Amino acid sequence: MTKHAAIHRRDGALHVEGVSAASLVASHGTPLFVYSRAALMSAWDAWMAGIAASNRGVNGPEVKVHVAVKANSNLGVLSVFARLGAGFDIVSGGELRRVLAAGGKAADVVFSGVGKSVEEIREALVAGVKCFNVESIPELSRLDDIAGSLGMKAPVALRINPDVDANTHAYNTTGKKGNKFGIDYGDAREAYAAAASMAHLDVCGVDCHIGSGITDTAPFIAAVDRVLDLVDILESNGIPIAHIDLGGGLGIDYGDGATPPPTPEFVKTILDHVDKRGPRPVWFEPGRSLTAAAGLLLSKVEYLKPGPAGGKNFCIIDAAMNDLARPTVYGAFHRIEAVEERVGDTEVYDVVGPVCESGDWLGRARELNVKVGDLLAVRDTGAYSFVMSSNYNTRPRAAEIIVDGESVHVVRKRETVEQLLSMETVLP
Ligand SMILES: *Cc1c(COP(=O)(O)O)cnc(C)c1O
């Protein structure tokens, strides 16, 4: 089998592994999400390389990587990671079902989230998830009750808010005082004492997750120090802590000038820092750093709308904020490229969709040389992209495809308007 570069240009034409983006559109239409299996696997390999390069190496104390399902929950994508031996981080009962349907094991699942319902907890206990990352004392009591009623003991780690600033978008910072996430650092000892006193809980670890899209190692190092300080206190109070879970949050290079450390270097730095205070099992929950760069959103130019003199030109494409919400919600930057490059002069455009909102933009002030009918690729849309899509403006959601070498797998069919309407009824 020939090995293909993941996402690259050949004679100026964008390719995903062995298949041209234009031919994918010819067969599957637009808007279209495309993921490269090779890119997903190399992102995983980068995490493994960091572990191997660390002082603990591959045979040292456990390092377990759990894929954050919420970043890209497509069954095809999850199945790639399940076959690589990944664990999974879930935030709902629905995500647990996805992991199991994709071939993952409940025994490799950690269950995070501030609002776990009674039904979700029961389902996760019965399935046998590895650990509940608990975010409040009321949640501890609920978990203890349900585990007791099932005659089980629930494995728990408390998600601690280490009060570090991740220097990321306000919606993506989760480990600072005042966020809804985690247990306040100052309340952690009391919460652990409560957990240790509950008959149907098994305290196994400490958890934190400080945010998402973080491009600097320093806040992670600060969080590790805070977590290990707490571990020392807990253990001296007779509460043994088996693992520390450092969550996810490593950003990628979206081309906006903020450059995170390469994954292997990041992983090695964190593990070696932990090991200065004694080796113990370390868990991670990366999402974005595993899937974002493996994805493309392909779209077609519908109209070029020149602005008034001195005003903005608009490039109106058939993908919109309902397909990719990140620009609208976070002001996020995604590179936008012509699928087939043209020679000649560029114009500056705001790239926008058909949705009836001025917030419906995918890129601002982009230099492009395009004509109506051309294809554009919005890069790095493998994380927090399709999963945040909606049917706003009664737009059926896009199809999702995985390219694997020369093979193309439709891993989610394009929705139809008939399917959308079939969920609803008029009054009798
Ligand atoms: C979202 C989330 C992650 C993954 O974050 P990334 O920034 O995608 O790596 C991990 N853990 C928890 C608890 C999360 O909520």
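Remember, predicted model here, so these are calculated numbers, not experimental data. (Residues numbered from 1 in each chain as written. Predicted model: local features only at pLDDT ≥ 70, side-chain atom pairs only at ≥ 80, totals over all residues. Heavy atoms only, no water.)

Student: Could you clarify how one ought to interpret the site of the ligand in this entry?
Tutor: For the ligand, the set of nearby residues contains 15 residues, the closest of which are Lys70, Ser212, Glu285, Arg288 and Tyr384. Between aspartate 89 and the ligand, the recorded distance is 3.3 Å, taken from a side-chain N or O atom to a nitrogen atom. Protein chains shield 95% of the accessible area of the ligand, which is 390 Å² for the free molecule. Among the detected pockets, the ligand sits in the largest pocket. Taken together, the residues of the shell around the ligand sort by class into three nonpolar, seven polar and five charged. (Near = heavy atom within 4 Å. Polar contact = N/O pair within 3.5 Å; in protein donor to acceptor, adjacent residues only side chain to side chain. Areas by Shrake-Rupley, 256 points an atom, 1.4 Å probe, with all protein chains shown as cover. 1 Å grid on protein atoms, 1.4 Å probe; cavity = no way out; pocket = protein on both sides within 12 Å on 5 of 7 lines; lining within 4 Å. Sits in = over half its atoms within 2 Å of the grid points. Nonpolar A, V, L, I, M, F, W, Y, C, P; charged D, E, K, R; others polar.)

Student: Quick question: what am I supposed to make of unusual backbone geometry here?
Tutor: Trans is the common state for peptide bonds, and a negative phi is the common state for residues other than glycine. Put simply, threonine 30 and proline 31 share a cis peptide bond, and its omega is -10°. Within the fold, proline 31 resides in the loop between α1 (21–28) and β4 (32–36). The phi dihedral of asparagine 393 falls on the positive side, at around 70°, and the residue is not glycine. As for its placement among the helices and strands, asparagine 393 is situated in the loop between β19 (375–379) and β20 (399–404). Judged by its relative accessible area of 32%, asparagine 393 falls in the partly exposed class. (Helix = DSSP H or I, 4+ residues; strand = E, 2+ residues; numbered from the N terminus. Buried < 20%, exposed > 50% of the residue type's maximum accessible area, 1.4 Å probe, protein only.)

Student: Explanation requested: helix α8 (residues 218–236) in the structure shown.
Tutor: Given 3.6 residues per turn, any residue in an α-helix points the same way as the ones three and four places further on. If you check α8, its first and last C-alpha atoms are 27 Å apart, about what 19 residues at 1.5 Å a residue would give, namely 27 Å. Pro219, Phe220, Ile221, Ala223, Val224, Val227, Leu228, Leu230, Val231 and Leu234 are the residues of α8 that are buried. Just beyond α8, the residue with positive phi is glycine 238, at close to 85°. (Expected span 1.5 Å × (residues − 1).)

Student: Even after reading the chapter, I still don't get the pattern of salt bridges, so can you show me in this structure?
Tutor: In a structure, side chains of opposite charge can pair up when their charged atoms sit close to one another. For the structure shown, the criterion picks out 20 salt bridges. Its salt-bridge partner being glutamate 135, residue arginine 159 comes within 2.9 Å of it at the nearest N-O pair. With arginine 159 in strand β9 (residues 154–161) and glutamate 135 in the loop between β8 (131–134) and α6 (137–149), this pair connects stretches of sequence that are 24 residues apart. Among the residues examined, arginine 159 registers a relative accessible area of 6% and is labelled buried. (Salt bridge = Lys/Arg side-chain N within 4 Å of Asp/Glu carboxyl O.)

Student: Could you clarify how one ought to interpret the side chain of histidine 66 in this entry?
Tutor: Within the secondary structure, histidine 66 sits in strand β5 (residues 63–68). Side-chain polar atoms of histidine 66 contact the side chain of lysine 130, separated by 2.6 Å. Residues contacting histidine 66, with those up to four places away along its chain left out, are Gly87, Phe88, Asp89, Asp108, Val110, Lys130, Trp283, Phe284, Glu285 and Pro286. (Contact = heavy atoms within 4.5 Å.)

Student: Would you mind going over the UniProt feature "modified residue: N6-(pyridoxal phosphate)lysine" (unreviewed entry) in the protein with me for this structure?
Tutor: Here the UniProt feature "modified residue: N6-(pyridoxal phosphate)lysine" (unreviewed entry) sits at Lys70. Inspection of the secondary structure puts lysine 70 in the loop between β5 and α3 (75–83). Those residues in contact with lysine 70 that sit more than four places away from it in its chain are Val91, Glu95, Tyr384 and Val387. (UniProt positions renumbered as here; feature names shortened; annotations may be inferred.)

Student: What is the right way to read the layout of surface pockets from this model?
Tutor: Picture a little ball the size of a water molecule; that probe, rolled over the atoms, points out where space is still empty. By volume, the largest pocket amounts to about 790 Å³. Lys70, Val91, Glu95, Tyr384 and Val387 are the residues nearest the centre of the largest pocket, which is lined by 39 residues in total. If you list the elements that add at least two residues to the lining of the largest pocket, you get α4 (93–101), α10 (288–291), α11 (326–330) and β21 (407–412). By residue class, the composition of the lining of the largest pocket is 14 nonpolar, 13 polar and twelve charged. Summarising the domain contributions, the lining of the largest pocket has at least three residues from each of domain 1 (7–36 + 292–421) and domain 2 (38–289). (Points joined across faces, edges and corners; volume = space filled by probe spheres on them. Domains from an automatic or database assignment.)

Student: Just checking my understanding: could you explain the domain arrangement of the protein for this structure?
Tutor: Quite often, the size of an interface is put as the accessible area lost when its parts meet. Under the domain assignment used here, the protein contains domain 1 (7–36 + 292–421) and domain 2 (38–289). Taken together, the contact between domain 1 and domain 2 spans 21 residues of the former and 20 residues of the latter. Around 1,800 Å² of area is buried between domain 1 and domain 2 when both sides are counted, 56% of it from carbon and sulfur atoms. Contact with domain 2 buries area across many residues of domain 1, yet Tyr330, Phe333 and Tyr384 alone supply 32% of it, more than any other trio. Linking domain 1 with domain 2 are zero salt bridges, by the criterion used here. Counting the contacts that link domain 1 with domain 2 gives nine residue pairs in polar contact (both at pLDDT 80 or more). Counting only elements with at least two residues in the side of domain 1 that touches domain 2, the list comes to β4, α11, β20 and β21. Top contributing element to the side of domain 1 that touches domain 2 by residue count: α11, with three residues. (Buried area = accessible area lost by both parts, 1.4 Å probe.)

Student: Which parts of the structure should I look at to understand the pairing of strand β17 (residues 347–352)?
Tutor: As paired elements, strand β15 (residues 313–317) and β17 share four bridges and run parallel to each other. Following the sheet pairing, cysteine 315 is matched in β17 by valine 351. Sheet topology places β17 next to strand β18 (residues 361–368); five bridges connect them, and they run antiparallel. Note that in β18 the partner of valine 348 across the bridge is glutamate 367. (Pairing = 2+ DSSP bridges.)

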